[in-house]
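# Notes for the structure review
Listed below, chain by chain, are the residues.
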Amino acid sequence: MIVKSGRLPGIAAIILAGLIMSAPAARAQQAERMTGLALSGDEPIQIESDLLKIDESSSKATFTGNVKVVQGETALQAGEMIVYYNKSESGGSVASGSADIREIELFKKVLIQSGTQTATADAGTFNMADEVLVLTGDKVVLTDADNVFIGCKLTVQMKTGQAALDSCGGRVMIQLDPKSRPKK
C-alpha cells in the first residue's frame, strides 16, 4: 500500500512524548531524570509525510519526506520514519491502526519538541517492548529553556525516566542557567 502526502491517524502506539530535562546538577555521563518522556495512548496522534509505503508481508511501514508526528503538545519531525510491527492474531495491521508496534527508526535529521524542551539528532530508534529511546548523531542536542546538553548519543529508559548522554570519544557539554531551577 502506498499513500502519498497522507495521514495515518491509527498508529496510536507511536508516542515520543515530550523531552523534559530538569537540570539541578551536571553529571559527566548521566543526564537527569526525564519524567516527561512517556507512552500515552489516550490522545489522538497525527502523522504526515510525503510518501507512505506499507509492506504487510514484511510488517513494515515507511514514511518518507517531511515526516511530522503530533500528539498533544509533542511534535516529532524527521526525513524518514520506519515502523516495524508484529502481525496480530486478529489480523491487525498498520493500515487499520491495530498493529502491535515493536520498533521505530528515525532518520535524516530528527527533531522532538514538547513545551520548552527540544532534542535534535541525526537518527533515532525507539524499542517499544523495552521502552528505550536512543538518539544518535555527530551532535545530539537537548535544550530545556536556557539549559543545553550536547553529546552524540542519548539513551532514555522510558520505564524509569533515566537518561544517559554519551560523549562518544569527546566530551559531554552542558550549559546550565541557574535561573531555570525551580524556586523553593
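Scroll up for the structure.
### Describing the environment of Val110
Along the polypeptide, Val110 turns up in strand E8 (residues 110-114). For Val110, a relative accessible area of 3% corresponds to the buried category. Residues Val110 and Val140 lie 30 residues apart in sequence; the distance between their C-alpha atoms is 9.6 Å. With near-sequence residues (within four places) excluded, Val110 lies in contact with Gln77, Ala78, Ala119, Thr120, Ala121, Asp122, Ala123, Gly124 and Leu135.

### Here we look at the state of the cysteines
This structure, assessed with the given rule, holds one disulfide. Between Cys152 and Cys168 runs a disulfide, and the two sulfur atoms are separated by 1.8 Å. Taken together, the positions of Cys152 in strand E12 (residues 147-157) and Cys168 in the loop between strand E13 (162-166) and strand E14 (173-175) put the pair 16 residues apart, joining distant regions of the chain.

### Some points on the environment of Asn66
Residue placement: Asn66 occurs in strand E5 (residues 60-71). With 15 residues separating them in the primary sequence, Asn66 and Leu51 have C-alpha atoms 9.0 Å apart. Apart from residues lying up to four places away in sequence, Asn66 is in contact with Glu48, Ser49, Asp50, Ala78 and Gly79.

### Notes on the nonpolar core
Within the largest apolar cluster, 33 residues are counted, with the highest numbers of intra-cluster contacts made by Phe63, Met81, Ile104, Leu135 and Leu154. If one sorts the elements of this core by residue count, strand E6 (residues 74-86) sits on top with five residues. Discounting residues that sit within four places of it in the chain, Leu135 has contacts with Val110, Ile112, Ala119, Ala121, Ala123, Gly124, Val140, Cys152, Lys153 and Leu154.

The rules behind these values
- Residues numbered from 1 in each chain as written.
- Predicted model: local features only at pLDDT ≥ 70, side-chain atom pairs only at ≥ 80, totals over all residues.
- Heavy atoms only, no water.
- Helix = DSSP H or I, 4+ residues; strand = E, 2+ residues; numbered from the N terminus.
- Buried < 20%, exposed > 50% of the residue type's maximum accessible area, 1.4 Å probe, protein only.
- Contact = heavy atoms within 4.5 Å.
- Disulfide = S-S within 2.5 Å.
- Core = buried A, V, L, I, M, F, W, Y, C linked by side-chain atoms within 4.5 Å.

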